[in-house]
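What follows is each chain in one-letter form.
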Amino acid sequence: MDILMNKEQLLNSFFSEYDNALVAFSGGIDSTVVLKAAINNLGKENVTAVIVNSELFTVEEFDKAVDLANSMHANVVTTNINYLSNEHIRMNRSDSWYYAKKMFYIEANRIKAKLNLNVVLDGMIMDDLDDYRPGMVAKNEEGCLSPLQAAEMYKDDVRDYAKSNNLLNWNKVPSCSISSRFPYNSEITQDAIEKVMNSERLLRNMGFATVRVRIHGDIARIEVNSDQMAELISNAKDVNKKLKQFGFKYVTVDLGGFVSGHMNEELSEKQLNKFKA
């Protein structure tokens, strides 16, 4: 607990250099902790949450993020980004995350300038330094900052902070861009996005909170936590029927279970090293 308290002090001291801030807010636990800390240290009138509506995230996630930011009494600004207008993103190339984050941080800086705010903050944590994160390069290029990394906070630290501060989403299951369901170098279309979103919504409603439906042409590859695999198999008939109705020809289960960033296994060492922080 002393370690967490020290990290909280580091987090609070981060804000001493600023009068106000724009927080990149997704509704996930990391950005919620940043928003909470910003409000605590700068005052709610000096903190604005920017929330993006795009084709790569569900409407439900967008609406929940707006509701949560409003419930925390932050100023809220929403914006739309058409990520698929960029060829690197639409064709899901190995550098697509760089271009997606570049588009976001440019838009965030535009809003920051319009509102005359000091800084753009995001929710990147220490764990992100060990993963393939092209977005970190884009963030640094655009001069945006990560308070949780400044406070040396890892995933467990963030969850403990959220729980101790009574944040409603302290145990929220992580989510990410729908593009992570597509193999690299395959085109992301609106039709395919809808197949994946409909399939994952169905499975979440069946009780599989952590689920990914990876798309390989007309094949759906379902990932759930290993301890829920037997339950998924027991519902195989219904799941198979529904996902075929959504447009898949074949429905499979990944026996390796859910793995965050699974599609990154396709990348070469050269591609992975290109965007190492």
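Just above, that's the structure.
Report on the accompanying structure. (Residues numbered from 1 in each chain as written. Predicted model: local features only at pLDDT ≥ 70, side-chain atom pairs only at ≥ 80, totals over all residues. Heavy atoms only, no water.)

Among the structural elements, Leu145 can be located in the loop between helix H6 (134-141) and helix H7 (147-150). Judged by its relative accessible area of 30%, Leu145 is partly exposed. C-alpha separation for the pair Leu145 and Asp122, spaced 23 residues apart in sequence, amounts to 6.3 Å. If near-sequence neighbours (up to four positions away) are discounted, Leu145 is found in contact with Phe14, Tyr18, Val119, Val120, Leu121 and Asp122. (Helix = DSSP H or I, 4+ residues; strand = E, 2+ residues; numbered from the N terminus. Buried < 20%, exposed > 50% of the residue type's maximum accessible area, 1.4 Å probe, protein only. Contact = heavy atoms within 4.5 Å.)

Now for the nonpolar core. Tyr83, Phe104, Ile193, Leu203 and Ile222 are the most contacted members of the largest nonpolar core, which has 41 residues in total. Of all elements in the fold, only strand E1 (21-24), strand E2 (47-53), helix H5 (96-115), H6, helix H9 (190-205), strand E5 (211-216), strand E6 (219-224) and helix H11 (236-245) reach the threshold of two or more residues within this core. Residue contacts for Tyr83: discarding those within four places in its chain leaves Val52, Ser54, Glu55, Leu56, Ile89, Ala100, Met103 and Phe104. Residues Phe14, Ile39, Met72 and Ala162 belong to the second largest nonpolar core, which totals 36 residues. (Core = buried A, V, L, I, M, F, W, Y, C linked by side-chain atoms within 4.5 Å.)

Time to look at unusual backbone geometry. Positive phi outside glycine occurs at Asn166, with the angle close to 60°. By the secondary structure assignment, Asn166 is in the loop between helix H8 (155-164) and H9. Exposure remark for Asn166: the relative accessible area of 66% places this residue in the exposed category. Even without being glycine, Asn185 reaches a positive phi, approximately 65°. Along the polypeptide, Asn185 turns up in the loop between H8 and H9.

Bringing the environment of Ile51 into the picture now. With respect to the helices and strands, Ile51 occurs in strand E2. A relative accessible area of 2% means that Ile51 is categorised as buried. Taking C-alpha positions, Ile51 is 35 Å from Asn240, a pair spaced 189 residues apart along the chain. If we skip the residues at most four places from it in the chain, Ile51 touches Phe25, Phe62, Ala65, Val66, Ala69, Val76, Val77, Thr78 and Thr79.

In this section: the sheet that holds strand E4 (residues 120-121). With parallel pairing, four strands are arranged side by side in an open sheet as E3-E2-E1-E4. Edge positions in the open sheet fall to strand E3 (75-80) and E4, since each of these has one partner strand only. One ladder, built from two bridges, connects E1 with E4; its direction is parallel. Considered in E4, the bridge of Val23 is made with Leu121. Sitting on the sheet, H5 is in contact with E1, E2, E3 and E4, with an inclination near 135° to E3. (Pairing = 2+ DSSP bridges. Axes fitted to C-alpha atoms, helices over the stretch in contact; angles between N-to-C directions.)

Once that is clear, we can look at the side chain of Glu107. Considering the arrangement of structural elements, one finds Glu107 in helix H5. Here the side chain of Glu107 touches Arg110 through a polar contact of 2.8 Å, side chain to side chain. (Polar contact = N/O pair within 3.5 Å; in protein donor to acceptor, adjacent residues only side chain to side chain.)

Okay, the packing of helix H2 (residues 29-42) against H8 next. The N-to-C vectors of H2 and H8 enclose an angle of 55°; their axes lie 10 Å apart at closest approach. Between H2 and H8, the angle falls in the class oblique. Like other packed secondary-structure pairs, H2 and H8 cross with a definite hand, here left-handed. Where H2 abuts H8, its residues Ile29, Asp30, Val33, Lys36, Ala37 and Asn40 lie against Val158, Arg159, Tyr161 and Ala162. Of the residues contributing to the contact of H2 with H8, the split by class is six nonpolar, one polar and three charged. (Parallel < 35°, antiparallel > 145°, perpendicular 65-115°, else oblique. Left-handed = near helix turned anticlockwise from the far one by under 90°. Nonpolar A, V, L, I, M, F, W, Y, C, P; charged D, E, K, R; others polar.)

Further remarks concern the packing of aromatic side chains. Summed over the entire model, instances satisfying the criterion amount to four aromatic pairs. On the basis of an interplanar angle of 40° and a centroid distance of 5.6 Å, the ring pair of Phe14 and Tyr18 is categorised as tilted. By the burial criterion, Phe14 is buried, and Tyr18 matches it. A ring pair is formed by Tyr98 and Tyr99, whose centres lie 5.1 Å apart and whose planes are at 85°; its orientation type is edge-to-face. Judged by relative accessible area, Tyr98 falls into the buried class, the value being 13%. According to the relative accessible area criterion, Tyr99 is partly exposed, its value standing at 25%. Put simply, the rings of Phe14, Phe15 and Tyr18 touch in pairs and so form one group of aromatic residues. A cation over a ring is seen here: Lys101 above Phe104, with NZ or CZ 5.9 Å from the ring centre. (Phe/Tyr/Trp six-rings, centres within 6.5 Å; stacked < 30°, edge-to-face > 60°. Lys NZ or Arg CZ within 6 Å of the ring centre and 35° of its normal.)

Structural measurements only, silent on function.
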